[in-house]
Amino acid sequence: MRRTMLFLPGNTPNMLINGDTLGADTIIFDLEDAVSPDEKDAARILVRNALRYQSYPGCETVVRINPTDTAFWKEDLKAVIPLKPDVIMPTKVSGGDMIREVSACMAEVERENKIEEGTVKILPLIETAMGVEKAFDIASADARVIGLFLGGEDFTADLHCKRTKEGNEIFYARTRLVCAARACGIEAYDTPFTDVEDMEGLEKDTEFAKSLGFAGKAVISPRHVDIVNAVFSPTEAEIAYAHDVMDAIEEGKRQGKGVISLRGKMIDAPIVKRASQVLEMEKAIYGGAQYE
Ligand SMILES: CC(=O)SCCNC(=O)CCNC(=O)[C@H](O)C(C)(C)COP(=O)(O)OP(=O)(O)OC[C@H]1O[C@@H](n2cnc3c(N)ncnc32)[C@H](O)[C@@H]1OP(=O)(O)O
Ligand SMILES: O=C([O-])CC(=O)C(=O)O
Ligand SMILES: [Mg+2]
């Protein structure tokens, strides 16, 4: 479950220390664009120490590394892989070859540190026109890939267009990423909403991303966590309905029927599939059935 993925700039110790207390499902230690080139070495050491000396219970840890056309990315991997973050986020990913190159380097560091090969997963950040066009190639490049992540700021810079709150300019990229990810049995995660003060805009943007099939969204501020978590959690009514669907389908089975009706609406296999997704989320959030 990755409803919210909070960015923590790698060169800000106070943010790194409190990462797990801010309510996000995932925290992303950033070594890339939130860190200026002359602070890369310091950030790498800070993130390494955070992973070594802090524990982040209940939070998935991701490290965002520098692009493969820079001098930094291999140093990033050598510094953090020995501390076994859950996931590495390669940046400016433009095709499957780049993922295989990163995965091979990760395997080397894992072997050197006696970590089982494949332990650390990959969540590619897709933020170029080429990356969006190659989304399926990237999603299917390596068994480590657990999802696709959209970076709307760099993507629109690459398109030579403005990034707006309405987001028409990223609509194609959003739907393409969701479809490519789901075709490979993994999830897509949406770009952050960058206006820290605009809670109404955040909620609208998050609702829209969810309606397209995204499983979660990045946030850059702890103030955005509650709203994004709420949007990506099923409501009480949705959970209650999912339980009713399951009860109705059981009753249908007893009567030897594959399709039945509940409150005047047809219930068949895809509706049962969606209900079971809601119940899985209920279990992940509440640790079991919350409403019966
Ligand atoms: C396009 C991209 O690449 S996005 C990914 C890279 N960008 C980032 O990682 C940016 C992360 N976010 C930030 O650095 C900041 O939130 C900013 C610069 C956007 C806004 O900063 P501020 O105006 O200081 O935010 P704000 O006033 O809401 O901060 C309130 C508190 O939350 C903390 N906080 C703010 N953002 C974060 C964060 N991402 N993670 C953890 N703590 C944070 C602040 O340190 C502050 O703590 P304090 O009260 O103990 O001093
Ligand atoms: O990772 C993100 O969500 C933000 C990012 O780099 C971008 O939008 O370019
Ligand atoms: Mg970017």
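Residues numbered from 1 in each chain as written. Chains lettered and ligands numbered in written order. Predicted model: local features only at pLDDT ≥ 70, side-chain atom pairs only at ≥ 80, totals over all residues. Heavy atoms only, no water.

- An unreviewed UniProt entry annotates the protein chain as CoA ester lyase originating from Blautia hominis.
- In the Cofactor (unreviewed entry) part of its UniProt record, the protein chain is described as follows: "Mg(2+)". (UniProt positions renumbered as here; feature names shortened; annotations may be inferred.)

**Examining the site of ligand 2**
Then comes step 1: For ligand 2, the full set of nearby residues is F7, R64, L125, E127, F149, L150, G151, G152, E153, D154, T191 and P192.
Then comes step 2: Contacts to ligand 2 include R64, whose side-chain N or O atom sits 2.8 Å from an oxygen atom.
Then comes step 3: Here G152 contributes a backbone N or O atom positioned 3.1 Å from an oxygen atom of ligand 2.
Then comes step 4: Judged by the fraction of its atoms near the pocket grid, ligand 2 is located in the second largest pocket.
Then comes step 5: Looking at the shell around ligand 2, the elements with two or more residues in it are β7 (147-150) and α7 (152-159). (Near = heavy atom within 4 Å. Polar contact = N/O pair within 3.5 Å; in protein donor to acceptor, adjacent residues only side chain to side chain. 1 Å grid on protein atoms, 1.4 Å probe; cavity = no way out; pocket = protein on both sides within 12 Å on 5 of 7 lines; lining within 4 Å. Sits in = over half its atoms within 2 Å of the grid points. Helix = DSSP H or I, 4+ residues; strand = E, 2+ residues; numbered from the N terminus.)

**What about the coordination of the magnesium ion (ligand 3)?**
Then comes step 1: The magnesium ion (ligand 3) binds to the protein through E127 (OE) and D154 (OD); the donor distances cover 2.0 to 2.1 Å. You can see E127 sitting in the loop between β6 (125-126) and α5 (129-133) and its partner D154 sitting in helix α7, a full 27 residues away along the chain.
Then comes step 2: For E127, a relative accessible area of 3% translates into the label buried. (Donors = N, O, S within 2.8 Å, 3.2 Å for Na, K, Ca; no water. Buried < 20%, exposed > 50% of the residue type's maximum accessible area, 1.4 Å probe, protein only.)

**Observations concerning the UniProt feature "domain: HpcH/HpaI aldolase/citrate lyase" (unreviewed entry) in the protein chain**
Then comes step 1: In the numbering used here, UniProt assigns the "domain: HpcH/HpaI aldolase/citrate lyase" (unreviewed entry) feature to residues 3-222.
Then comes step 2: Taken end to end, residues 3-222 is 40% helix and 16% strand, and its first and last C-alpha atoms sit 13 Å apart.

**Focus: the packing of aromatic side chains**
Then comes step 1: Enumeration over the complete set of coordinates arrives at 3 aromatic pairs.
Then comes step 2: Relative to F149, the ring of F7 lies with its centre 6.3 Å away and its plane at 85°, an arrangement referred to as edge-to-face. Separated by 142 residues along the polypeptide, F7 in strand β1 (residues 4-9) and F149 in strand β7 bring together distant segments of the chain. There is no split in this pair, since F7 and F149 are both buried. (Phe/Tyr/Trp six-rings, centres within 6.5 Å; stacked < 30°, edge-to-face > 60°.)

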